[in-house]
Amino acid sequence: MIRPVCRMGNPILRMMSQKVSLEMIKSDDIAQLIVDMKDSMAHYGGIGIAAPQIGVSLQVCIIELEGLNRYGQEINLPFTVFINPTIQVISEDKKGYWEGCLSVPGLRGFVERPQHILVRYFDQNGAERELEAKGFLATVVQHELDHLFGKLYIDRLKDPALLTYQEEFEQFNLSNQVIE
Ligand code: ZN
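The present account deals with the structure reproduced in this document. (Residues numbered from 1 in each chain as written. Predicted model: local features only at pLDDT ≥ 70, side-chain atom pairs only at ≥ 80, totals over all residues. Heavy atoms only, no water.)

### Describing helix α3 (residues 135-148)
- The end-to-end C-alpha separation of α3 is 21 Å, in line with the 20 Å expected for 14 residues at 1.5 Å each.
- When you tally the buried positions in α3, you get 14 out of 14 residues, the bulk of the element.
- Gly150 sits one or two positions beyond α3 and adopts a positive phi of about 80°. (Helix = DSSP H or I, 4+ residues; strand = E, 2+ residues; numbered from the N terminus. Expected span 1.5 Å × (residues − 1). Buried < 20%, exposed > 50% of the residue type's maximum accessible area, 1.4 Å probe, protein only.)

If you want it as structure tokens, here you go:
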């Protein structure tokens, strides 16, 4: 079921989400939550969504990313569910991208994040998993995990001046600007 997305200002986006217990992972409630997240992500056109964005303060997020991103990098992560994820930064080397967020509609902001990480998490069957992510995928994973810990990308802007409306982003070709 498609659920409305909570927008910036909704306190749930600023809360630390609860971990999901192992028994609960296999419950019908979590299975339904994952279906609702997938439906909502597809409906609103996101590449990832976190449970707090549809009003559920639990440590669950999903990402589905296939094809080329607008930076010409090929990224392939089939539909993946991350439950109780933790991040280990493998390399502190950062790169920036113009991020957007379903909870901050109509805006884009330039954020730099580490580009090589290891994520440990449970999948929807309760199995322990690891994902090594590099480049743009590393950025997407960190963006989604931030939602589980009350953070939004606008907290991490490289510079407050690098926040723009989508229309101006396109009008002034900001994606082509080199930002040092
Ligand atoms: Zn987001």
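The rest of the description comes next.
### What to know about the pairing of strand β4 (residues 107-122)
- Along β4, 13 of the 16 residues are buried, which leaves the element largely enclosed by surrounding structure.
- Counted between consecutive antiparallel strands, the loop separating β4 from strand β5 (residues 128-134) contains five residues, among which Gly126 sits at a positive phi close to 85°. (Pairing = 2+ DSSP bridges.)

### Here's the deal with unusual backbone geometry
- Residues other than glycine seldom take positive phi values, yet Asn84 does so here, at roughly 50°.
- Along the chain, Asn84 turns up in strand β3 (residues 74-99).
- Not every positive phi belongs to a glycine, and Asn173 is a case in point at roughly 50°.
- Mapping Asn173 onto the fold places it in the segment after α4 (166-171).

### Side note on the pattern of salt bridges
- A full pass over the atoms with the stated rule returns eight salt bridges.
- We note a salt bridge from Glu99 to Arg113, for which the minimum N-O separation is 2.8 Å. Of this pair, Glu99 sits in strand β3 while Arg113 sits in strand β4, and the two are 14 residues apart along the sequence.
- Exposure remark for Arg113: the relative accessible area of 3% places this residue in the buried category. (Salt bridge = Lys/Arg side-chain N within 4 Å of Asp/Glu carboxyl O.)

### Comments concerning the coordination of the zinc ion
- Coordination of the zinc ion by the protein is provided by Cys101 (SG), His143 (NE2) and His147 (NE2), with metal-donor distances spanning 2.0 to 2.3 Å.
- As a motif over one chain, the donors of the zinc ion read C-x41-H-x3-H. In this pair, Cys101 is assigned in the loop between β3 and β4 and His147 in helix α3, connecting sequence segments 46 residues apart.
- For His147, a relative accessible area of 1% gives the class buried. (Donors = N, O, S within 2.8 Å, 3.2 Å for Na, K, Ca; no water.)

### Focus: the pairing of β5
- Judged from the seven bridges that link them, β4 and β5 form a sheet pairing that is antiparallel. Each residue of the ladder has a partner; that of Val119, found in β5, is Leu131.

### What about the nonpolar core?
- Counting 20 residues, the largest nonpolar core has Ile63, Leu65, Leu77, Phe82, Val119, Leu137 and Val141 as its most contacted members.
- Of all the secondary-structure elements, those providing two or more residues to this core are β2 (60-68), β3, β4, β5 and α3.
- Considering every element that reaches this core, the biggest residue donor is α3, with seven residues.
- Non-local contacts of Val119, meaning those with residues more than four positions away in its chain, are made with Phe82, Pro85, Thr86, Ile87, Arg129, Glu130, Leu131, Val141 and Leu145.
- Core analysis: the second largest hydrophobic core is formed by 17 residues, Val20, Ile30, Ile62 and Val81 among them. (Core = buried A, V, L, I, M, F, W, Y, C linked by side-chain atoms within 4.5 Å. Contact = heavy atoms within 4.5 Å.)

### What about the packing of aromatic side chains?
- With the rule as written, the count across this model stands at four aromatic pairs.
- Between Phe82 and Tyr121, the ring centres sit 4.6 Å apart and the planes meet at 55°, which makes this aromatic pair tilted. One end of the pair, Phe82, is in strand β3; the other, Tyr121, is in strand β4, and 39 residues separate them in sequence. Residues Phe82 and Tyr121 agree in their burial class; the two are buried.
- With a centroid separation of 5.1 Å and an interplanar angle of 70°, the aromatic rings of Tyr97 and Phe136 are classed as edge-to-face. Of this pair, Tyr97 sits in strand β3 while Phe136 sits in helix α3; the two residues are 39 residues apart in sequence, bridging distant segments of the chain. (Phe/Tyr/Trp six-rings, centres within 6.5 Å; stacked < 30°, edge-to-face > 60°.)

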